[in-house]
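Reading the structure
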Amino acid sequence: FDGVLEGLGFVLVSVATLGRIWAGFHIAGRKERELVTTGPYSLVRNPLYFFSLLGAFGLGAACQSITIGGVLVGGFLLY
């Protein structure tokens, strides 16, 4: 079970990283001129926050600790 949780964490952190890159490139140079509603912004209101939350959860899963995962996700939500 530990290997599965660690693998899931790695996948979630990877998806979060790629998602933040995708959202960053998609909005670059446009956010002050227009309301962006395409790409990742058509899926969620703020994909940068969504992918960061996904990464925090993935990091907690990769650490294989519910406590660390809870602290990371809770800290992110407080932020």
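I will try to describe carefully the structure that is included in this document. Here the structure is a predicted model, which means the values were calculated and not measured.

**Some points on the pattern of salt bridges**
- Inspection of every chain in the model, using the stated rule, returns one salt bridge.
- Note that Arg30 and Glu34 form a salt bridge whose closest N and O atoms lie 3.5 Å from each other.
- Among the residues examined, Glu34 registers a relative accessible area of 38% and is labelled partly exposed.

**Some remarks on the packing of aromatic side chains**
- Going through the model one piece at a time under the given rule, you end up with two aromatic pairs.
- A centroid spacing of 6.4 Å and a plane angle of 70 degrees characterise the contact between Tyr49 and Phe76, whose relative ring orientation is edge-to-face. Pair noted here: Tyr49 is in helix 2 (residues 47-62) and Phe76 is in helix 3 (residues 66-78), with a separation of 27 residues, a long-range link.
- With 5.3 Å between their ring centres and 70 degrees between their planes, Phe50 and Phe51 make a pair best called edge-to-face.
- Its relative accessible area of 40% is what places Phe50 among the partly exposed residues.

**Observations regarding a nonpolar patch on the surface**
- Among the surface-exposed residues, Phe10, Val11 and Val15 lie close enough to one another that they form a single nonpolar patch of about 290 Å² accessible area.
- Looking at the secondary structure, you find Phe10 in helix 1 (residues 2-27).

**Observations concerning helix 2**
- In a regular helix each residue adds 1.5 Å, so 16 residues correspond to 22 Å; helix 2 covers 22 Å between its end C-alpha atoms and thus fits that length.
- Burial in helix 2 covers these residues: Pro47, Phe51, Ser52, Gly55, Ala56, Gly58, Gly60 and Ala61.
- Where helix 2 terminates, the next one or two residues include Gln64, which has phi positive at roughly 60 degrees.

**Some points on the packing of helix 2 against helix 3**
- The interhelical angle for the contact between helix 2 and helix 3, taken along N-to-C directions, is 160 degrees, at an axis separation of 7 Å. Classified by the angle between their axes, helix 2 and helix 3 sit roughly antiparallel to one another. Handedness of the helix 2/helix 3 crossing: right-handed. Here helix 2 contributes Tyr49, Ser52, Leu53, Ala56, Phe57, Leu59 and Gly60 to the contact with helix 3, which in turn contributes Gly69, Leu72, Val73, Phe76 and Leu77.
- Residues that form the contact of helix 2 with helix 3 fall into these classes: nine nonpolar, three polar and no charged.

**Re the side chain of Ser52**
- Residue placement: Ser52 occurs in helix 2.
- A polar contact of 2.8 Å, which involves the side chain of Ser52, links it to the side chain of Arg20.
- With residues up to four places along the chain from it excluded, the contact list for Ser52 reads Arg20 and Phe76.

What counts, and at which threshold
- Throughout, a residue's number is its position along its own chain's written sequence, starting from 1.
- Reporting of local features is limited, given that this is a predicted model, to residues whose pLDDT is at least 70; pairs of side-chain atoms are given and counted only at 80 or more, and all residues count toward the totals for whole chains, interfaces and linings.
- Here the side-chain values reflect all heavy atoms present in the structure, with hydrogen atoms and water set aside.
- When a carboxyl oxygen of Asp or Glu is within 4 Å of a side-chain nitrogen of Lys or Arg, the pair counts as a salt bridge.
- Relative accessibility thresholds used throughout: buried, under 20% of the residue-type maximum; exposed, over 50%; partly exposed, between the two (1.4 Å probe, protein chains only).
- Pairs were defined over the aromatic rings of Phe, Tyr and Trp, the Trp ring being its six-membered one, requiring ring centres within 6.5 Å. Orientation was assigned from the angle between planes: stacked under 30 degrees, edge-to-face over 60, tilted for the rest.
- Comment: elements are numbered from the N terminus, with helices defined as DSSP H or I runs of at least four residues and strands as E runs of at least two.
- Each patch is assembled from residues with relative accessible area greater than 30% and no salt bridge, linking like charges that lie within 9 Å and nonpolar side chains (Val, Leu, Ile, Met, Phe, Trp, Tyr) that lie within 5 Å.
- Note on areas: Shrake-Rupley with a 1.4 Å probe; residue coverage comes only from the protein chains shown.
- By definition here, a helix of n residues has an expected span of 1.5 Å times n minus one.
- Helix axes use the C-alpha atoms of the stretch in contact, all axes being lines fitted to C-alpha atoms, and the angles between their N-to-C directions lie in the range 0 to 180 degrees.
- Angles are sorted into four bins: roughly parallel if under 35 degrees, roughly antiparallel if over 145, roughly perpendicular if 65 to 115, and oblique for all others.
- Left-handed describes a crossing whose near helix is turned anticlockwise from the far helix through less than a right angle; right-handed describes the clockwise counterpart.
- We call two residues contacting when some pair of their heavy atoms lies within 4.5 Å.
- Each residue is assigned to one of three groups, with Ala, Val, Leu, Ile, Met, Phe, Trp, Tyr, Cys and Pro labelled nonpolar, Asp, Glu, Lys and Arg labelled charged, and all others, Gly among them, labelled polar.
- For the purposes of these results, a polar contact is taken to be a pair of N or O atoms within 3.5 Å, where, inside protein, one atom must be able to donate a hydrogen and its partner to accept one; residues adjacent in sequence count only when each atom of the pair is a side-chain atom.

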